[in-house]
Amino acid sequence: MNKEKRSITSDISVSTDSRLVEGYAILWNTYSKDLGGFIETIEPHSLTGVIERSDVFCYLDHNEDRGVLGRSKYGKGSLVLAVDDIGLRYLFEAPKTALGDELLEYLRREDITGSSFAFTVQDDEWKPLDDGMYLRTIKQFNLLFDVSPVFNPAYDETTVAQRSLKAIEESKELALKKELDNYFINLRNQIQ
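Right, let's walk through the structure included here. (Residues numbered from 1 in each chain as written. Predicted model: local features only at pLDDT ≥ 70, side-chain atom pairs only at ≥ 80, totals over all residues. Heavy atoms only, no water.)

### A closer look at the overall build of the protein chain
Move 1: On a plain count of helices and strands, the protein chain comes out with 3 helices and 11 strands.
Move 2: The order of helices and strands in the protein chain, counted from the N terminus, is β-β-β-β-β-β-β-β-α-β-β-β-α-α.
Move 3: The 192 residues of the protein chain split such that 48% are buried.
Move 4: Counted over contacts in the protein chain with a minimum sequence separation of 6, partners at least 24 positions apart contribute 75%.
Move 5: With the model as given, the accessible surface of the protein chain reaches about 9,900 Å², and the carbon-plus-sulfur share is 47%. (Helix = DSSP H or I, 4+ residues; strand = E, 2+ residues; numbered from the N terminus. Buried < 20%, exposed > 50% of the residue type's maximum accessible area, 1.4 Å probe, protein only. Contact = heavy atoms within 4.5 Å. Areas by Shrake-Rupley, 256 points an atom, 1.4 Å probe, with all protein chains shown as cover.)

Below is the structure:
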């Protein structure tokens, strides 16, 4: 199986009072950009059992030579991965390193607004489209290798953002924020 990479973009909110970074690396039933003669979509449940058998890193722009922002080894670690009705959500605290600081600066400047992931596929389906392109549907991943904040994502709707507790508390998103915080606290407690 060949290792593949895909990327996604979305809105971002930034502040200086938090090092928490979160985003969606994978979105269900969303079409990618043209990936070289084909577009791609991912079915819900395609990650069933994958996180528990994958050693997943978070890199900046897929560059493992630069260092690690977070890691989820078989579902546990500094990188929290959660599958929900939208897709694969990831969350980590940017390390207090040059790489962590660099990522936060790119997020503040909105140079990075999307996410990406590297993977192998266990089951997919290809269908020709009327325009000569093909539609690839990923039905089941084999392994997940990384989720990465990236400059140029393949899926425009993916997200990454530095979250500000103060800004969120002042907004109408407070209820949603508290719900998400409780979800991730419970998830962290389960995997530790």
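Back to the write-up after that little detour.
### A look at the pattern of salt bridges
Here the idea is simple: oppositely charged side chains can pair when their charged atoms come close.
Move 1: Taken as a whole and judged by the stated rule, the model has 9 salt bridges.
Move 2: The shortest N-O distance in the salt bridge between R19 and D101 comes to 2.8 Å. Remark: D101 occurs in helix α1 (residues 98-108) and R19 occurs in the loop between β1 (4-9) and β2 (20-27); sequence separation between them is 82 residues.
Move 3: When its relative accessible area of 40% is taken as the criterion, D101 is described as partly exposed.
Move 4: The partner of R66 in a salt bridge is E102, with the nearest N and O atoms 2.3 Å apart. With R66 in the loop between β4 (55-58) and β5 (70-73) and E102 in helix α1, this residue pair connects regions lying 36 residues apart in the sequence. (Salt bridge = Lys/Arg side-chain N within 4 Å of Asp/Glu carboxyl O.)

### A few points about the nonpolar core
Move 1: Counting residues in hydrophobic clusters, the biggest one holds 33 residues, and the most contacted among them are I26, Y90, F92, F117, F141 and V147.
Move 2: Of all the secondary structure elements, the ones that give two or more residues to this core are β2, β4, β8 (87-93), α1, β9 (114-128) and β10 (134-150).
Move 3: If sequence neighbours within four positions are ignored, V147 has contacts with A25, V56, F57, C58, Y59, L79, L81, L88, Y90, S116 and F117. (Core = buried A, V, L, I, M, F, W, Y, C linked by side-chain atoms within 4.5 Å.)

### Remarks on unusual backbone geometry
Move 1: Unusually for a residue other than glycine, D61 sits at a positive phi of about 55°.
Move 2: On the secondary structure map, D61 appears in the loop between β4 and β5.
Move 3: The class for D61 is partly exposed, based on a relative accessible area of 34%.

### Comments concerning the sheet that holds strand β11 (residues 161-162)
Move 1: Spatially, β7-β8-β2-β11 is the arrangement adopted by the 4 strands of the open sheet, whose pairing is antiparallel. With one partner strand each, in any of the chains shown, β7 (80-83) and β11 form the two edges of the open sheet.
Move 2: Both β2 and β11 contribute to a ladder of 2 bridges, which runs antiparallel. Bridge assignment links V21 to a residue of β11, and that residue is Q162. (Pairing = 2+ DSSP bridges.)

### Re the packing of aromatic side chains
Move 1: Inspection of the entire model under this criterion finds 8 aromatic pairs.
Move 2: Taking the centre distance of 6.0 Å and the plane angle of 85° together, the rings of F117 and F141 count as edge-to-face. Highlighted residues: F117 in strand β9 and F141 in strand β10, separated in sequence by 24 residues.
Move 3: The buried category is assigned to F117, whose relative accessible area is 0%.
Move 4: Joined through ring pairs, the aromatic side chains of F117, F119, F141 and Y155 make up one cluster. (Phe/Tyr/Trp six-rings, centres within 6.5 Å; stacked < 30°, edge-to-face > 60°.)

### Quick look at α1
Move 1: Among the residues making up α1, those that are buried are L99, G100, L103, L104 and L107. Seen end-on, α1 carries its buried residues on one side only, within an arc spanning 135°.
Move 2: Where α1 is buried, its residues contact β2, β8, β10 and β11.
Move 3: Among the residues trailing α1, E110 stands out with phi positive, at a value near 65°. (Arc of directions from axis to C-beta.)

### A short note on the environment of I51
Move 1: Among the secondary structure elements, I51 is positioned in the loop between β3 (38-42) and β4.
Move 2: Considering only alpha carbons, one finds I51 and K76, 25 residues apart in sequence, at a separation of 9.3 Å.
Move 3: Not counting residues within four places of it along the chain, the set of residues in contact with I51 comprises Y74, G75, L81, V83 and L88.

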